[in-house]
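# Residue-level structural notes
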Amino acid sequence: MTRRKKIYEGKAKILYEGPEPGTLVQYFKDDATALNGQKKAVLEGKGVINNRISEYVMTRLNSIGVQNHFIRRLNLREQLIREVEIIPLEVVCRNIAAGSLSQRLGLAEGEALPRSIIEFYLKDDKLNDPMVTEEHITAFNWAQTQEIEDIMSLTLRINDYLTGLFHGVGIILVDFKVEFGRIWDGDFSHIILADEISPDSCRCGTPRRTRSSTRTASAATWAW
């Protein structure tokens, strides 16, 4: 049996060298983490479920024009993906006040935001993934201005799709995290969706009504 070369291992996935140039094999682990890895557990079968959910979402997003790195599912835990140059940012889209946003701005958990808000965080576990601005991103050359605009546009399209998908089964999309990468064609590159979209990267809740009949979200599940 040929031993595959490990390219990267994170909290929830392992990337291996792919069978063809420009490809990787993405393996979904059963490890579950919270608070940037401070809390850890192993949930049997989690990787299998996340693999199938991410496959479904990525396939549907591609069908509506959101290009991503997914090629095909290989087995219960693995999928073949395109190798991309990952942009070192976690992109968070928020629809409902929760978590750090509520803490920073004094908003009530479950309060609907005036509009969807996109935030950027530097991918660096040692620094606890600090929040950064567009000024930081361009100053340190993590991404160009046009790339930031493309990322924000794609994130809002993803948000529209996921919000409708979850609403159809009675779930409110509180917020979610996505990552993006570059695909190069000679000297030119374009941005595509990478990583995964699964329960590991989404925070969801169920509808409730307050006395004023304003729709909010009940206790949300913390996913990432």
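Keep in mind it's a predicted model, so treat the numbers as computed, not measured.

### Structural notes on the environment of Met131
Counting through the fold element by element, Met131 comes out in strand 11 (residues 131-132). You can call Met131 partly exposed: its relative accessible area is 42%. It is 4.2 Å that separates the C-alpha atoms of Met131 and Tyr121, two residues lying ten residues apart in sequence. In this view, Met131 contacts Arg104, Glu119, Phe120 and Tyr121; residues no more than four positions away in its chain are not counted.

### A closer look at the nonpolar core
Ranked by size, the top nonpolar core spans 32 residues in total, and within it Phe120, Ile158, Phe180, Leu193 and Ile197 carry the most contacts. Counting only elements with at least two residues in this core, the list comes to helix 1 (46-63), strand 9 (89-96), strand 10 (112-122), helix 4 (145-167), strand 12 (172-185), strand 13 (188-194) and strand 14 (202-205). The leading source of residues in this core is helix 4, at seven residues. Dropping the residues within four chain positions of it, Phe120 is found in contact with Leu89, Glu90, Val91, Pro130, Met131, Val132, Glu134, Ile137, Ile148, Ile151 and Met152.

### A short note on the packing of aromatic side chains
Summed over all chains, the structure comprises one aromatic pair. Relative to Trp142, the ring of Phe140 has its centre 5.2 Å away and its plane inclined at 25°; by these criteria the two rings are stacked. Looking at Arg4, its charged tip hangs above the ring of Tyr16, at a distance of 4.1 Å from the centre.

### Some thoughts on unusual backbone geometry
Unlike most non-glycine residues, Asp129 shows phi in positive territory, near 50°. With respect to the helices and strands, Asp129 occurs in the loop between strand 10 and strand 11. One non-glycine residue, Asp195, lies in positive phi territory at about 60°. Residue placement: Asp195 occurs in the loop between strand 13 and strand 14.

Cut-offs and rules
Residues numbered from 1 in each chain as written. Predicted model: local features only at pLDDT ≥ 70, side-chain atom pairs only at ≥ 80, totals over all residues. Heavy atoms only, no water. Helix = DSSP H or I, 4+ residues; strand = E, 2+ residues; numbered from the N terminus. Buried < 20%, exposed > 50% of the residue type's maximum accessible area, 1.4 Å probe, protein only. Contact = heavy atoms within 4.5 Å. Core = buried A, V, L, I, M, F, W, Y, C linked by side-chain atoms within 4.5 Å. Phe/Tyr/Trp six-rings, centres within 6.5 Å; stacked < 30°, edge-to-face > 60°. Lys NZ or Arg CZ within 6 Å of the ring centre and 35° of its normal.

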